[in-house]
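Listed here are the chains, written in short residue letters.
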Amino acid sequence: MTVLNEALAYPNPAYQQLQGVGLTSQRRRDQMVLRLEQQSHLSLDADVLRAIRHTPRHLFVDEALAQRVYEDCSLPIGYGQTLSNPRTVAIMTSWLNRDHFLVNQKILEIGTGSGYQTAILAWFSGRIYSVERIEPLQNLAKRRLASLDKQLVTYAVADGELGWHLFSPYPAILCAAAAAKVPESLIAQLANGGRLVLPVGTSTQRLIGIEKDQYGRITQVDLGEAQFVPLLSGLHE
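Here the structure is a predicted model, which is why all the values come from computation and not from measurement.

Student: Just checking my understanding: could you explain the nonpolar core for this structure?
Tutor: If you look at soluble globular proteins, the nonpolar side chains tend to sit buried side by side. Core analysis: the biggest nonpolar cluster contains 46 residues, and Leu-44, Ile-52, Phe-60, Leu-102, Tyr-116, Val-197 and Leu-207 have the highest contact counts within it. Residue assignment for this core shows that the elements contributing at least two residues are helix 3 (26–37), helix 4 (46–53), strand 1 (75–78), helix 5 (86–96), helix 6 (116–121), helix 7 (135–147) and strand 6 (170–175). Considering each element in turn, this core owes the most residues, 6 residues, to helix 5. Dropping the residues within four chain positions of it, Tyr-116 is found in contact with Ile-52, Thr-55, Arg-57, Phe-60, Leu-83 and Val-89.

Student: How do you make sense of the sheet that holds strand 8 (residues 205–212) when you look at a structure like this?
Tutor: Hydrogen bonds between backbone groups are what pair the strands of a sheet, and the pairing can be parallel or antiparallel. If you walk across this open sheet you meet the 7 strands as 5-4-3-6-7-8-9, and the pairing is mixed. Strands at the two margins of the open sheet, each flanked by one partner only, are strand 5 (153–157) and strand 9 (218–226). The average undirected angle you get between the axes of adjacent strands in this sheet is 15°. Note: strand 6 against strand 7 (residues 190–201), 4 bridges, orientation parallel. Considered in strand 7, the bridge of Ile-173 is made with Leu-196. The strands touched by helix 5 are strand 6, strand 7, strand 8 and strand 9; relative to strand 7, the strand with the most contacts, the crossing angle is about 160°. Lying over the sheet, helix 7 contacts strand 4 (128–132) and strand 5, oriented at roughly 165° with respect to strand 5.

Student: Honestly, the packing of aromatic side chains in this entry has me stumped. Any pointers?
Tutor: Aromatic ring pairs are defined here through the distance separating the ring centres and the angle between the ring planes. For the coordinates displayed, the defined rule picks out 5 aromatic pairs. When the centroid spacing of 5.8 Å and the interplanar angle of 85° are considered together, the rings of Tyr-129 and Trp-164 count as edge-to-face. Here Tyr-129, found in strand 4, pairs with Trp-164, found in the loop between strand 5 and strand 6; they are 35 residues apart in sequence, far enough to count as distant. Across the pair, Trp-164 and Tyr-129 agree in class, each one buried. Ring plane angle 85° and centroid distance 5.1 Å describe the contact between Trp-164 and Phe-167, whose orientation is recorded as edge-to-face. For Trp-164, a relative accessible area of 14% puts it in the buried group. Given a relative accessible area of 25%, Phe-167 falls into the partly exposed group. Cluster of aromatic residues (ring-pair linked, three or more members): Tyr-129, Trp-164, Phe-167 and Tyr-170.

Student: So what exactly am I meant to see when it comes to the environment of His-165 here?
Tutor: Topologically, His-165 is positioned in the loop between strand 5 and strand 6. A sequence separation of 24 residues divides His-165 from Gln-189, and the C-alpha atoms of the two residues are 6.6 Å apart.

Student: Just to check I follow, could you spell out the pairing of strand 5 for this structure?
Tutor: Two faces make up the sheet, and in a regular strand the side chains alternate between them. The sheet contact formed by strand 4 and strand 5 spans 5 bridges and is parallel. The residue of strand 5 that forms the bridge with Tyr-129 is Thr-154. Taking the sense of rotation as the criterion, the β-α-β connection linking strand 4, helix 7 and strand 5 turns out right-handed.

Conventions we followed
Residues numbered from 1 in each chain as written. Predicted model: local features only at pLDDT ≥ 70, side-chain atom pairs only at ≥ 80, totals over all residues. Heavy atoms only, no water. Core = buried A, V, L, I, M, F, W, Y, C linked by side-chain atoms within 4.5 Å. Buried < 20%, exposed > 50% of the residue type's maximum accessible area, 1.4 Å probe, protein only. Helix = DSSP H or I, 4+ residues; strand = E, 2+ residues; numbered from the N terminus. Contact = heavy atoms within 4.5 Å. Pairing = 2+ DSSP bridges. Axes fitted to C-alpha atoms, helices over the stretch in contact; angles between N-to-C directions. Phe/Tyr/Trp six-rings, centres within 6.5 Å; stacked < 30°, edge-to-face > 60°. Right-handed = clockwise from strand over helix to strand, strands pointing away.

Have a look at this one:
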C-alpha cells in the first residue's frame, strides 16, 4: 500500500495519528521488528516483539522526530533525557520476561521518561509502578499512555535511586537510567525469586541482569554494552 493509499484507507485524523501512516505506519513497525528478529544472537522474546510491533512508538516523541522513530536509534525527549533505541527496550524486556515471567507481575519501573517502555510493560501486567524525577515528562507520558488505554499504571514523582518502598517487594524491576553501581535500595525492594535489569557504569556502561533466588542470594549476568542517561538523585527543579 502506498503512502497515499494508506492515508485514504484511514481517513479519520485521530486514527491516523494513533496508528500512523507513511513513515510512522504499521509497516514501519513491522520492518523495525523484522530487523530485531534478524539479530538472532539477541535471544529476544516473541511476546515482547509482538508488543513492540503493536505499540505506536511515534506517539512517544515530538512530532518533528517521528520520521526517525522506527530506526534503531535513541531520540531526545527533552530535559536531557532520551527514548532508548528499540533494540535496548527489546533486550531489557525480553530478559525480564523469560518463561513469561512478567505476566500479571508487579513491576517497578525507574524512569517513566516518554512512557514508551511503560507501554511495552503494560502489555504484560496491569500492576506497574513507575517513578520519574521530572514531573513534566511524567505528566506527558500519562497522557500518551491514556490515549492508548494503558491506564493501569501507578505513578510517582520521586527519586528513582531510592526505588518505591511503599509497594515493595517487586518481582520485576526495570531501571532505565545508568547507576554508577547497583543501588542497594533496588536490591532490597526486589522480591525473592525476582529479576532486576539496569545499566551500570559511568563513562562505560554495561547492561546488567540481576536475579535474587528464593533465599535472597544474588546472581548477575552481563547483557552487553549500554548507553543511557545517568541515574540522578533528587527531583528535577
